[in-house]
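Coordinate inspection notes
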Amino acid sequence: AKIERTRSAVNIGTFVGSGGLRDYVIGKADRAATADEIAKMQALVAEAMREGALGLSSGLAYVPGAYAPTDELVALARTAGEHGGIYISHMRDEGGGVLDSVRETIAIGEGANLPVQISHHKVGGRRQFGQSVQSLELIAAARRRGVDVTFDQYPYTASQTGLAIVFPRWALADGKLNERLASPGQRREIKTGMLSFIDERFGDDPSRIQLVRCGHDPALAGKTVKDLLVAAKQPLTQSAMADMVIELQLKGGCSAILHSYDEPDVERFMQSPYGMIGSDGSLTTPGDGSPHPRAFGTYPRVLGRYVRERGVLTLEDAIRKMTSFPAARLGLTGRGVLKTGLVADITVFDAETIADVATFSDPHHYSVGVRYVLVNGQVTVAMGAHTGVRAGRVVRGPAAAGR
């Protein structure tokens, strides 16, 4: 209602997050939900679906979602499915356990009998490079037996998240990480878990962790853990990397870009008929921190680099993966295609010049080659400049009254 009153320049739709539900009903406790707690969460899912949610989302790599067992997620997803929604998941593990996480995501859709979307699918860590082949085989096999599973991706070999992702999940329970780090014994145990993650994702290269924003010190934005270790005259070892991450966390934490993916996997996912494009980015104020370039360049990067320069996709298929395919996946009737009588959400671009300009070292640049953007039929961008028009609407899911 607030968005409808104040108006947005873009259309906005939301899922109901299983992590938010769990936090509301259980808190951040590392335990399974009781039957009564699951029933309470199911009632909240149903309420959210009636209010317009597009489905149920989960973030199983994060607290408290990480503590939810599969059967709990099946129960919540079933309720979303009964109201016409889908299940979309940031999976439990995108590194050494990525294939098991794909299996779990498929199992949730199969058990709850609803469509499933793997969010920003990727394969992290050098030992997992190439496992996009097996992942795509799992998806294809599931589809052959009737599970409606698809995925989306962004066209980069790095992610962005909080540095807390480096810590073992058990150490984050109940919001008591700093207390546990104050105990020498627990700190050693936590560091052991961190070293396993660091070895898998970054090897011996501390430059692979690049800070986006640190509330305690804005000057750290853009610096890498390697930069900090060199400045502190510390060795460039995995142990020193872990100690530096702990130090940053104790000071309040940071968001970071993690360079841990492989280009052939990106292209293999991109060529799958079951994949879509999504930025996984957030609205970013130019000049604020040192964010992932995906916030500025995702879609032009696909059209410029992967269509025009590398020929990974045809122009038509790339556009399908950005428009009609995701619109249909989300149940957005009347959107996603150019057709008389449908909603005019339109981007006009120059296929010969469209390109991303933002980089990891210098991200605050808008892309080039976009001429016009129409939102609900109103010109919102003209010759690359925002017109000030705010014609966006709240997009409601299938169970919303008066949708």
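On a predicted model such as this, the values are computed, not experimentally measured, just so you know.

1. Overview of the sheet that holds strand S7 (residues 209-214)
The strand order S6-S8-S7 describes an open sheet built from 3 strands, whose pairing is antiparallel. Across the chains shown, the open sheet's two edge strands, defined by having one partner strand only, are strand S6 (158-162) and S7. The mean inter-strand angle of the sheet, taken between neighbouring strand axes irrespective of direction, is 20°. The sheet contact formed by S6 and strand S8 (residues 254-259) spans 5 bridges and is antiparallel. Looking across to S8, one finds that Ser 159 is bridged to Leu 258.

2. Considering helix H2 (residues 18-25)
An α-helical segment advances 3.6 residues per turn. Residues three or four places apart therefore align on the same side. When H2 is considered as a whole, its buried residues turn out to be Ser 18, Gly 19, Leu 21 and Arg 22. Down the axis of H2, the buried side of the element spans an arc of 160°, and every buried residue falls inside it. Residues of H2 that are buried make contact with strand S1 (16-17), helix H3 (35-51), strand S2 (55-59) and helix H4 (70-82). Trailing H2 by a residue or two, Gly 27 shows a phi angle of about 90°, which is positive.

3. A closer look at helix H5 (residues 98-112)
Spanning 15 residues, H5 covers 21 Å between terminal C-alpha atoms, matching the ideal 21 Å at 1.5 Å per step. Within H5 the residues assigned to the buried category are Val 98, Leu 99, Ser 101, Val 102, Glu 104, Thr 105, Ile 106, Ile 108, Gly 109 and Ala 112. Where H5 is buried, its residues contact H4, strand S3 (86-90), strand S4 (116-118), helix H6 (132-144) and strand S5 (149-153). The positive-phi residue at the C-terminal boundary of H5 is Asn 113, with phi of around 60°.

4. Brief notes about the side chain of Arg 301
With respect to the helices and strands, Arg 301 occurs in helix H12 (residues 294-309). Look at Arg 301 and you get buried, because its relative accessible area is 17%. Setting aside anything within four residues of it in sequence, one finds Arg 301 in contact with Pro 155, Tyr 156, Tyr 306 and Asp 356.

5. What about the packing of aromatic side chains?
Applying the stated rule across the entire model yields 4 aromatic pairs. Ring centres 5.6 Å apart and planes at 70° place the aromatic pair Phe 296 and Tyr 366 in the edge-to-face group. Of the two residues, Phe 296 sits in helix H12 while Tyr 366 sits in the loop between strand S10 (346-349) and strand S11 (370-375), which places them 70 residues apart along the sequence. Phe 296 gets classed as buried once you look at its relative accessible area, which sits at 10%. Judged by its relative accessible area of 58%, Tyr 366 falls in the exposed class. One cation-aromatic arrangement involves Arg 294 over Tyr 154; the distance from NZ or CZ to the ring centre is 4.9 Å. Its end group placed over the ring of Tyr 306, Arg 305 keeps NZ or CZ at 5.3 Å from the ring centre.

Parameters and conventions
Residues numbered from 1 in each chain as written. Predicted model: local features only at pLDDT ≥ 70, side-chain atom pairs only at ≥ 80, totals over all residues. Heavy atoms only, no water. Pairing = 2+ DSSP bridges. Helix = DSSP H or I, 4+ residues; strand = E, 2+ residues; numbered from the N terminus. Axes fitted to C-alpha atoms, helices over the stretch in contact; angles between N-to-C directions. Buried < 20%, exposed > 50% of the residue type's maximum accessible area, 1.4 Å probe, protein only. Arc of directions from axis to C-beta. Contact = heavy atoms within 4.5 Å. Expected span 1.5 Å × (residues − 1). Phe/Tyr/Trp six-rings, centres within 6.5 Å; stacked < 30°, edge-to-face > 60°. Lys NZ or Arg CZ within 6 Å of the ring centre and 35° of its normal.

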